[in-house]
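These are the residues of each chain, in order.
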Amino acid sequence: MVYTCKYKSLIGDILLAADEIGLTGLWFEGQKYFANTLPNDHIQQETEILTEAKRWLDVYFSGEEPNFTPPLHPNGSTFRKAVWQILLEIPYGQTITYGEIARRIAVMKNTSHMSAQAVGGAVGHNEISIIIPCHRVVGTNGSLTGYAGGIDKKISLLKLEHTDMSCLFIPKKGTAL
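Read on for a plain summary of the structure. (Residues numbered from 1 in each chain as written. Predicted model: local features only at pLDDT ≥ 70, side-chain atom pairs only at ≥ 80, totals over all residues. Heavy atoms only, no water.)

On to helix H4 (residues 116-124). Taken as a whole, H4 has its buried residues at Val119, Ala122, Val123 and Gly124. Packed against the buried residues of H4 are helix H2 (78-88), helix H3 (98-108) and strand S6 (137-138). The N-cap residue of H4 is Ser115: its side-chain oxygen and the backbone nitrogen of Gln117 are 3.1 Å apart. (Buried < 20%, exposed > 50% of the residue type's maximum accessible area, 1.4 Å probe, protein only. Helix = DSSP H or I, 4+ residues; strand = E, 2+ residues; numbered from the N terminus. Contact = heavy atoms within 4.5 Å. Polar contact = N/O pair within 3.5 Å; in protein donor to acceptor, adjacent residues only side chain to side chain.)

Moving on to the packing of aromatic side chains. Under the counting rule described, the total for this entry stands at five aromatic pairs. When the ring of Trp56 is compared with that of Tyr60, the centres are 5.2 Å apart and the planes differ by 10 degrees; the resulting orientation is stacked. Taken as a pair, Trp56 and Tyr60 lie in helix H1 (residues 48-61) at a separation of four residues, close to a single helical turn. For Trp56, a relative accessible area of 6% gives the class buried. On the numbers, 6.2 Å between centres and 85 degrees between planes, the contact of Tyr60 with Tyr92 is edge-to-face. Of this pair, Tyr60 sits in helix H1 while Tyr92 sits in the loop between H2 and strand S5 (96-97), and the two are 32 residues apart along the sequence. We note that Tyr60, like Tyr92, is buried. An aromatic cluster is defined as three or more aromatic residues linked by ring pairs; in this entry it consists of Tyr7, Trp56, Tyr60, Phe61 and Tyr92. The ring of Phe68 carries Arg55 above its face, with NZ or CZ at 4.0 Å from the centroid. It is Lys153 that lies over the ring of Phe28; its NZ or CZ is 5.3 Å from the centre. (Phe/Tyr/Trp six-rings, centres within 6.5 Å; stacked < 30°, edge-to-face > 60°. Lys NZ or Arg CZ within 6 Å of the ring centre and 35° of its normal.)

Turning our eyes to something else, we now look at the side chain of Asn126. Checked against the element boundaries, Asn126 lands in the loop between H4 and S6. At 2.7 Å, the side chain of Asn126 forms a polar contact with the backbone oxygen of Ile132. Non-local contacts of Asn126, meaning those with residues more than four positions away in its chain, are made with Trp84, Leu87, Ile132 and Cys134.

In this structure, Asp152 sits in helix H5 (residues 151-160). Once the C-alpha coordinates of Asp152 and Asn36 are considered, the two residues, 116 residues apart in sequence, prove to be 21 Å apart.

For the rest of this paragraph, the subject is the packing of H2 against H4. Remark: H2 packs on H4, axes separated minimally by 9 Å, with the N-to-C direction vectors making an angle of 80 degrees. In terms of axis orientation, H2 runs roughly perpendicular to H4. Facing Phe79, Arg80, Val83, Trp84 and Leu87 of H2, the residues of H4 in contact are Ala118, Val119, Ala122 and Val123. Broken down by class, the residue content of the contact of H2 with H4 amounts to eight nonpolar, no polar and one charged. (Axes fitted to C-alpha atoms, helices over the stretch in contact; angles between N-to-C directions. Parallel < 35°, antiparallel > 145°, perpendicular 65-115°, else oblique. Nonpolar A, V, L, I, M, F, W, Y, C, P; charged D, E, K, R; others polar.)

On to the nonpolar core. Judged by nonpolar contacts, the single largest core of 43 residues is most densely connected at Leu16, Ile101 and Ile130. If you list the elements that add at least two residues to this core, you get strand S1 (3-9), strand S2 (12-18), strand S3 (23-28), H1, H2, H3, H4 and H5. The leading source of residues in this core is H1, at seven residues. The contact partners of Ile130, leaving out residues within four places of it in the chain, are Ile14, Leu26, Phe28, Trp56, Leu57, Tyr60, Phe61, His135, Tyr147 and Leu157. Grouped together as the second largest cluster of nonpolar side chains are six residues, Val2, Trp27, Ala35 and Leu38 included. (Core = buried A, V, L, I, M, F, W, Y, C linked by side-chain atoms within 4.5 Å.)

Below, the structure written as structure tokens:
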């Protein structure tokens, strides 16, 4: 069974979902792919896992790096899970490029090349945003792109983490990355 509850953050309302194993979803209200993996027969009820996730968010939104991670249970392909594992390894307040993740995946798969676009698809379909920090992924040239919650939220999260934003920028519409 999947359980849900809401969380009011500094930058918008969040819907949390969890099963008996761990957190299965964390979405900003109205974001791209909002709750797209949430089963219709979920129950709105706070559980121990959801309480732990809310506690993590309380610490995070207070401007501190949480020193724990609630139980996670992301649902996705082997490829997506590999990408999400790399996201979990990005240090608080730092960024990584889609290309760097692609290089790491290529090494893991013992292949010479991995598509940064494929990585972007996996990053964009991360169902547990913030905790699996997809907001820390940027374009090779420093462009702030590809956050399902919206670029404004991505910027807010990076600023909250005191990320050095001096080399990062929002690309103009219609420009190639």
